[in-house]
Amino acid sequence: MSIPISALLPIVFIELILLVIALIDCIRAESTNGPKWLWVIVIIFVEILGPVLYFVFGRKNR
Amino acid sequence: MMQFRIVWSKEVVESWKNRKWIWLPLVFVLLGAMQPISTYFMPQILKMSGGLPAGTVIHIPTPSAGGVFAKAQSQYNSLGLLVLVLAFMGSISNERREGVLDLVLVKPVSHTAYILAKWFSAVVLTITALTLGDIAAWYYTVQLIGPLSIPYAMLSLLLYAFWLILIVTLTTFFSVLMTSTVANAFVTLSSAAVLSVVAAVLKWKWSPGALPSHASAILSIWDKGSTNALQSNFQIVWSVVVTGIVVVLLLVASVYEFRRKTFL
């Protein structure tokens, strides 16, 4: 049975987009709720939920 | 209508700024696609983890397309619900706290228009995310597992959409009621859990809490190939009607509470 690894590519790609958007947003932000380096770690290492948590709790409005 | 558009356009700018329109659909797509993929690769995953002693014979029944799609959707009922509530929990209470509310309400904007525009923008975003997620789930199910009828998947999606609209309405309602966003998230998620449990235990097929199980029931009807069962099931219609009524009541209550709480 051959594994269609290519089937996984779009998913990996979408996960990367999510990660990169969160990362760019975090790095460009003047300040975040809590230490920025911690958010960078959370975004990179917590799959899917990491970027979400950053967007919900990490961002400071204005 | 004019007022509705004022709040609406502010809402669109706002949700673009906080990237909700990007991350919510992406998360739903990931949740939807994950289930068929992990089901498909399950034998390999078990082999790679190598935790099985030699000679173990495991028989994994071939999963049905409808079952896998139903499981993918049930992801929205756990992680998806959490993500939705997190996204919208502060929609009104945050604006009250930050003083944005005062800025909006000095303009000729009615309280009703404000709540409805907020609610509607959340609903549109939720349904977009759910639809995209289900498209991903459907695509991967068809590619990896087997054929699945589009009308059945769409019917199931529709039922799920009603359930999620109810959740979004609850979040809006509690956002008016409470100032703490975390309390809002907690109360919304627990009331969703209570609704589901009560519907399951008392077998209230007409209750809004039964919507997710109806959504997966439709798919198992497709698996069994008995199309007639669908037409006779009036309780699905009832649960949708009851959900609609509850949503309207919650919106009326939200507007009432909002007017009472804001002295402007």
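To keep things clear, this report deals only with the structure shown in the data block. As the structure is a prediction and not an experimental result, all values here were calculated from the model. (Residues numbered from 1 in each chain as written. Chains lettered and ligands numbered in written order. Predicted model: local features only at pLDDT ≥ 70, side-chain atom pairs only at ≥ 80, totals over all residues. Heavy atoms only, no water.)

**Points about helix 1 (residues 2-17) of chain B**
Residues and elements named next belong to chain B. Between its terminal C-alpha atoms helix 1 stretches 23 Å, which fits the 22 Å expected from 16 residues at 1.5 Å a residue. Every buried residue belonging to helix 1 is among Phe4, Val7, Glu11 and Ser15, and all of these are buried. The buried residues of helix 1 occupy an angular sector of 75 degrees when projected down its axis, which confines them to one face. Summarising the geometry of helix 1, the exposed residues directed more than 90 degrees from the buried face are Met2 and Trp16. (Helix = DSSP H or I, 4+ residues; strand = E, 2+ residues; numbered from the N terminus. Expected span 1.5 Å × (residues − 1). Buried < 20%, exposed > 50% of the residue type's maximum accessible area, 1.4 Å probe, protein only. Arc of directions from axis to C-beta.)

**Describing the packing of helix 1 of chain B against helix 7 (residues 111-144) of chain B**
All names here are of chain B. Contact geometry of helix 1 with helix 7 gives a least axis separation of 8 Å together with a crossing angle of 45 degrees. Between helix 1 and helix 7, the angle is such that the two are oblique. The two elements helix 1 and helix 7 cross, and the hand of that crossing is right-handed. For the pair helix 1 and helix 7, the contacting residues are Gln3, Phe4, Val7, Trp8, Lys10 and Glu11 in the first and Ala113, Tyr114, Leu116, Ala117, Lys118, Phe120, Ser121 and Val124 in the second. When its residues are assigned to classes, the contact of helix 1 with helix 7 shows nine nonpolar, two polar and three charged. (Axes fitted to C-alpha atoms, helices over the stretch in contact; angles between N-to-C directions. Parallel < 35°, antiparallel > 145°, perpendicular 65-115°, else oblique. Left-handed = near helix turned anticlockwise from the far one by under 90°. Contact = heavy atoms within 4.5 Å. Nonpolar A, V, L, I, M, F, W, Y, C, P; charged D, E, K, R; others polar.)

**Observations regarding the nonpolar core**
Residue and element names in this part refer to chain B. Formed by 69 residues in total, the largest nonpolar core has its most connected members in Trp23, Leu24 and Trp163. Counting residues per element, this core draws most heavily on helix 8 (residues 150-177), at 14 residues. Discounting residues that sit within four places of it in the chain, Trp163 has contacts with Asn77, Leu81, Ala192, Leu195, Ser196, Pro208, Gly209, Leu211 and Pro212. Judged by nonpolar contacts, the second largest core, of 14 residues, contains Leu101, Val104, Tyr114 and Ala117. (Core = buried A, V, L, I, M, F, W, Y, C linked by side-chain atoms within 4.5 Å.)

**Regarding the interface of chain B and chain A**
Frequently, the measure chosen for interface size is the accessible area that the parts lose on association. Counting residues at the interface gives 24 residues for chain B and 24 residues for chain A. When chain B packs against chain A, the two sides together hide about 2,200 Å² of surface, and 78% of this comes from carbon and sulfur. It is B:Trp23, B:Leu26 and B:Leu30 that lose the most area in chain B upon contact with chain A, and together they represent 24% of the buried surface on that side. Of the charged contacts, one joins B:Arg19 and A:Asp25 as a salt bridge, the two residues approaching to 3.4 Å between their closest N and O atoms. Our count for the chain B to chain A interface comes out at two residue pairs in polar contact (both at pLDDT 80 or more). (Buried area = accessible area lost by both parts, 1.4 Å probe. Salt bridge = Lys/Arg side-chain N within 4 Å of Asp/Glu carboxyl O. Polar contact = N/O pair within 3.5 Å; in protein donor to acceptor, adjacent residues only side chain to side chain.)

**Describing the side chain of B:Thr172**
All names here are of chain B. On the secondary structure map, Thr172 appears in helix 8. A distance of 2.8 Å separates a polar atom in the side chain of Thr172 from the backbone oxygen of Val168. In this view, Thr172 contacts Ile92 and Trp119; residues no more than four positions away in its chain are not counted.

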